[in-house]
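Reading the structure
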Amino acid sequence: NAIKYWKQDYEALKQQCLQAGTLFKDEEFPACPSALGYQDLGPYSFKTQGIIWKRPPELCANPQFIIGGATRTDVCQGELGDCWLLAAIASLTLNPDVLYRVVPKAQSFQKDYAGIFHFQFWQYGQWVDVVVDDRLPTKNGELLFVHSEEGNEFWSALLEKAYAKLNGSYEALIGGSTMEGFEDFTGGISESYDLRRAPSNLYQIIQKALRAGSLLGCSIDITTATEIETITSLKLVKGHAYSVTGAEEVYYRGQPEKLVRLRNPWGKLEWTGAWSDNAPQWNYVDPKQKQALDRKVDDGEFWMAFSDFQRQFTRLEICNLTPDTLTSNKVNKWDLTLFNGQWRRGSTAGGCQKYQATYWTNPQFKIQLDEPDYDHEGSLDEPCCTILVGLMQKNRRRQKKMGEALLSIGYSLYQLENNTNVHVNRSFFARNQPAAWSDPYVNLREVSSRFKLPRGEYLIVPSTFEPYKNGEFCLRVFSEKKAKMQMIGDVVSANPYEPHVDNKDIDDEFKTLFQKLSGADCEVTATGLQTILNRVLAKRKDIKSDGFNINTCREMISLLDTNGTGTLGLVEFKTLWMKIQKYLAIYKKVYSDYSGTIDSHEMRNALREAGFTLNDQVQHSIVIRYAGSKLTIDFDGFVACMIHLENLFKVFHLLDKDKSGVIQLSLAEWLCCTLV
């Protein structure tokens, strides 16, 4: 079941329009400059001058949604640099089952036409139903962006508009990898092959993938920006995405010749080398095969020898609808586990292994591989398990207009010797090398790799290349057999230092000092406590502090005031004093640079030393509340955090009478808790 994007219900909106006799106008993605873009296609760009939004019935006499089924020639590129997307759409037309998931049937400009259409895309683990109106950008009466060779067919233009809406604007679609489009149309997982270092069985992989309905794209890498869309002497376009649409072997002069069929999404400009349309090689092929394969039309689609393909192109991308299509002739359904996570500056954005002080703070996931593959490689003593791991960063296209680019991302897998559910620390990574890792960190939406690993438990650590980079991600693991996977460090518990103080254990010097500070009633108020603690702090040069504020002092009293007087007696004050001494020792133990402050990553160690086990969300909340703009925490902030945590755990345990880890509160109880 698809989630309704922006909560727009296609059927309900369509019925409203039909009953009112109006055509749908999409308020969420209006036909105005903001839908086009923000810079190159922004409101003041010369490229957007003279654009008029028109509905298909205003553009031609007999508009159709699809004519004679969706075909590759329905996808011709317009003025937008989204060839990566169009190559993916063209490949989509080869697989009707996948196509009609993305482009739902029963949409028409005739029956029940209301100016509203809908499309479905996969987004980070779920399908999303996107509604659009049919107002399309035009210039001089022609569609500005994607269009069909058939002048009156509009499914591809409306699909492009729905995808632009999903990503914030048409301009957000400029530049990308065909894999991105493949995955958003299928929910599959992609693999990328460098054709200079391709496996020896690549042609079989391509044939098998095409037979299995996988989507394939290829491109020629560029070395400088000026090379983009430059045309080679044999009429191939550099830095441009092509679809791979066929792979056939023919007999040429008595010898087998491997051919591949490619398509340029421009719908024109074809390869002119061997095996191109009308090339002399076709004269030496069986006439029936020639008739079936050699189309002789300038439609952007052409054949070439597989050997030329490997020489001319640099990258092949395959989106596996079921990843096993590339490894096994039997179709075995792969097991999929998906987690969504975040990198947060100061708490979980630790960067790559190069940054040893922070790398260990990245999110961590544990996977258990118990069952070997059906046709495992490896000895009987050491059977192997195949997994495909994909790390995808989320929502970066939508953030392009805010100047946010794709982050460089990657991941590593480490073998675990001991079963652990606790976030592993820095010393683990100092002792252990990765068992497997993704290719070098790269600024793609997704990095994915296939691994064959011995059975066992593994830790997966996804990260950005540099620390302190905010981002959201989706981690997917496909395994041939069932694999158990969980996020590590999701446990929340506390065992803080609890000194046991008795009146008779307190020495006379401390008693005399307390009587002097507390006055006649031998009770310390919050104001008195603030004065005492800040006098002591002022004498210390080894730690930085602005002094304890009155609220922290009130919270200290709230934690230790056993008789509800709002003050501290001698034993309570001695207990607090010992706690603060303990916190001071921890604080000095974890700061590494003797600056007098600790940073937000050292704070994680300090919390652990103090007996707190917290998940990533709580760690991040602590950074937001207690760390400054430079992500440092001074001593009074540190103690304030410890005392606040102790109070929160204390109140929760008092209310959790059946020790279930869940409490139910009335509004009044909730207010009392938060006002403590």
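Keep in mind the model is a prediction, meaning the values are calculated, not measured.

Concerning the overall build of the chain
- Helices and strands together make up the secondary structure of the chain, namely 20 helices and 25 strands.
- Based on the C-alpha atoms only, the size of the chain along its principal axes is roughly 110 × 70 × 50 Å.
- Evaluated residue by residue, the chain yields a buried proportion of 53% over its 676 residues.
- Within the chain, contacts between residues at least 6 apart in sequence are counted, and of these 75% link residues at least 24 apart.
- Within the chain, one finds 76 positive and 83 negative side-chain charges whose respective centroids are separated by 2 Å.

Structural notes on the layout of surface pockets
- Taken as a whole, the second largest pocket spans an internal volume of roughly 980 Å³.
- Glu555, Arg625, His644, Leu645 and Leu648 are, among the 36 residues lining the second largest pocket, the residues nearest its centre.
- At the level of elements, α15 (550–560), α18 (616–626), α19 (635–655) and α20 (667–675) are the ones that each hand at least two residues to the lining of the second largest pocket.
- Here the lining of the second largest pocket takes 13 residues from α19, the largest share from any one element.
- Taken together, the residues of the lining of the second largest pocket break down into 20 nonpolar, 12 polar and four charged.

Structural notes on the packing of aromatic side chains
- On inspection of all chains with the given rule, the structure shows 37 aromatic pairs.
- Here phenylalanine 109 and tyrosine 113 contribute two aromatic rings whose centre-to-centre distance is 5.5 Å and whose plane-to-plane angle is 45 degrees, an arrangement assigned as tilted. As far as the burial class goes, phenylalanine 109 and tyrosine 113 line up, both buried.
- Centroid distance phenylalanine 612 to phenylalanine 649: 5.8 Å. Interplanar angle 35 degrees. Geometry classified as tilted. In this pair, phenylalanine 612 is assigned in strand β24 (residues 612–613) and phenylalanine 649 in helix α19, connecting sequence segments 37 residues apart.
- Take phenylalanine 612: its relative accessible area is 3%, and that puts it in the buried class.
- Each member of the aromatic cluster is reached from another via a ring pair, and the members are Phe65, Phe109, Tyr113, Phe117, Phe119 and Phe154.
- For the cation-ring pair, lysine 582 lies above tyrosine 497, with the distance from its terminal atom to the ring centre recorded as 5.5 Å.

Comments concerning a nonpolar patch on the surface
- A contiguous nonpolar surface patch, about 540 Å² in accessible area, is contributed by Leu665, Leu667, Trp670, Leu671 and Leu675.
- Residue position: leucine 665 is located in the loop between α19 and α20.
- The class of leucine 665 is partly exposed, set by a relative accessible area of 31%.

Looking at the UniProt feature "active site" (unreviewed entry) in the chain
- When the UniProt feature table is mapped to this numbering, "active site" (unreviewed entry) covers Cys83, His240 and Asn264. In three dimensions, the annotated residues from a span of 182 residues occupy one location, with a maximal C-alpha spread of 8.7 Å.
- Apart from the residues lying within four places of it in its own chain, the contact partners of histidine 240 are Gln77, Cys83, Cys218, Ser219, Ile220, Glu229, Asn264, Pro265 and Trp266.
- Mapped onto the fold, asparagine 264 is located in the loop between β10 (255–263) and α9 (287–293).
- Look at asparagine 264 and you get buried, because its relative accessible area is 0%.
- When residues no more than four places from it in sequence are discounted, the contact partners of asparagine 264 are Val237, His240, Tyr242, Leu269 and Gly300.

Quick notes on the domain arrangement of the chain
- According to the domain assignment, the chain consists of domain 1 (3–186), domain 2 (189–320), domain 3 (335–489) and domain 4 (508–675).
- The gap between the C-alpha centroids of domain 1 and domain 3 is 35 Å.
- With 21 residues of domain 1 at the contact, the number on the domain 3 side is 14 residues.
- Here domain 1 meets domain 3 over a buried area of about 1,500 Å², counting both sides, of which 48% is carbon and sulfur.
- We note a salt bridge from arginine 476 to glutamate 183, for which the minimum N-O separation is 3.6 Å.
- Taken together, the connections running from domain 1 to domain 3 amount to 11 residue pairs in polar contact (both at pLDDT 80 or more).
- Within the residue set of the side of domain 1 that touches domain 3, elements represented by two or more residues are β3 (116–123), α6 (155–167) and α7 (178–186).

Details of the sheet that holds strand β19 (residues 456–464)
- Strand order in the open sheet formed by five strands is β17-β16-β19-β14-β21, and the pairing between neighbours is antiparallel. Strands with a single pairing partner mark the edges of an open sheet, and in this sheet they are β17 (436–437) and β21 (484–487).
- When strand β14 (residues 365–369) meets β21, the two strands line up antiparallel, connected through four bridges. Across the sheet, isoleucine 367 pairs through a bridge with methionine 485, a residue of β21.

A short note on the side chain of glutamine 619
- Along the polypeptide, glutamine 619 turns up in helix α18.
- Judged by relative accessible area, glutamine 619 falls into the buried class, the value being 8%.
- Not counting chain neighbours up to four residues away, the residues in contact with glutamine 619 comprise Ser347, Arg604, Leu607 and Leu614.

Quick look at the pattern of salt bridges
- In total, this model carries 25 salt bridges according to the counting rule given.
- In this structure, aspartate 184 engages arginine 445 in a salt bridge whose closest nitrogen and oxygen atoms are separated by 2.9 Å. Remark: arginine 445 occurs in the loop between β17 and β18 (446–454) and aspartate 184 occurs in helix α7; sequence separation between them is 261 residues. Note on accessibility: aspartate 184 and arginine 445 belong to one class, buried.
- For the salt bridge of arginine 450 with glutamate 191, the shortest nitrogen-to-oxygen distance reads 3.0 Å. Here the residue arginine 450 occupies a position in strand β18, and glutamate 191 occupies one in strand β7 (residues 189–194), the gap between them amounting to 259 residues.
- With relative accessibility at 24%, the residue arginine 450 sits in the partly exposed group.

Re the sheet that holds strand β9 (residues 242–252)
- Overall, antiparallel pairing links the six strands, which are arranged β7-β12-β8-β9-β10-β11 in an open sheet. Across the chains shown, the open sheet's two edge strands, defined by having one partner strand only, are β7 and β11 (301–305). Across this sheet, the average inter-strand angle for adjacent strands is 35 degrees, counted without regard to direction.
- In the sheet, strand β8 (residues 215–219) pairs with strand β12 (residues 315–320) via five bridges, with the strands oriented antiparallel.

Some details on the environment of glutamate 509
- Looking at the element boundaries, glutamate 509 is found in helix α13 (residues 508–518).
- For the pair glutamate 509 and proline 280, spaced 229 residues apart in sequence, the C-alpha separation works out to 106 Å.

Criteria and thresholds
Residues numbered from 1 in each chain as written. Predicted model: local features only at pLDDT ≥ 70, side-chain atom pairs only at ≥ 80, totals over all residues. Heavy atoms only, no water. Helix = DSSP H or I, 4+ residues; strand = E, 2+ residues; numbered from the N terminus. Buried < 20%, exposed > 50% of the residue type's maximum accessible area, 1.4 Å probe, protein only. Contact = heavy atoms within 4.5 Å. Lys, Arg positive; Asp, Glu negative; His and termini not counted. Charge placed at Lys NZ, Arg CZ, Asp CG, Glu CD. 1 Å grid on protein atoms, 1.4 Å probe; cavity = no way out; pocket = protein on both sides within 12 Å on 5 of 7 lines; lining within 4 Å. Points joined across faces, edges and corners; volume = space filled by probe spheres on them. Nonpolar A, V, L, I, M, F, W, Y, C, P; charged D, E, K, R; others polar. Phe/Tyr/Trp six-rings, centres within 6.5 Å; stacked < 30°, edge-to-face > 60°. Lys NZ or Arg CZ within 6 Å of the ring centre and 35° of its normal. Patch = residues over 30% accessible without salt bridge, like charges linked within 9 Å, V, L, I, M, F, W, Y side chains within 5 Å. Areas by Shrake-Rupley, 256 points an atom, 1.4 Å probe, with all protein chains shown as cover. Salt bridge = Lys/Arg side-chain N within 4 Å of Asp/Glu carboxyl O. UniProt positions renumbered as here; feature names shortened; annotations may be inferred. Domains from an automatic or database assignment. Buried area = accessible area lost by both parts, 1.4 Å probe. Polar contact = N/O pair within 3.5 Å; in protein donor to acceptor, adjacent residues only side chain to side chain. Pairing = 2+ DSSP bridges. Axes fitted to C-alpha atoms, helices over the stretch in contact; angles between N-to-C directions.

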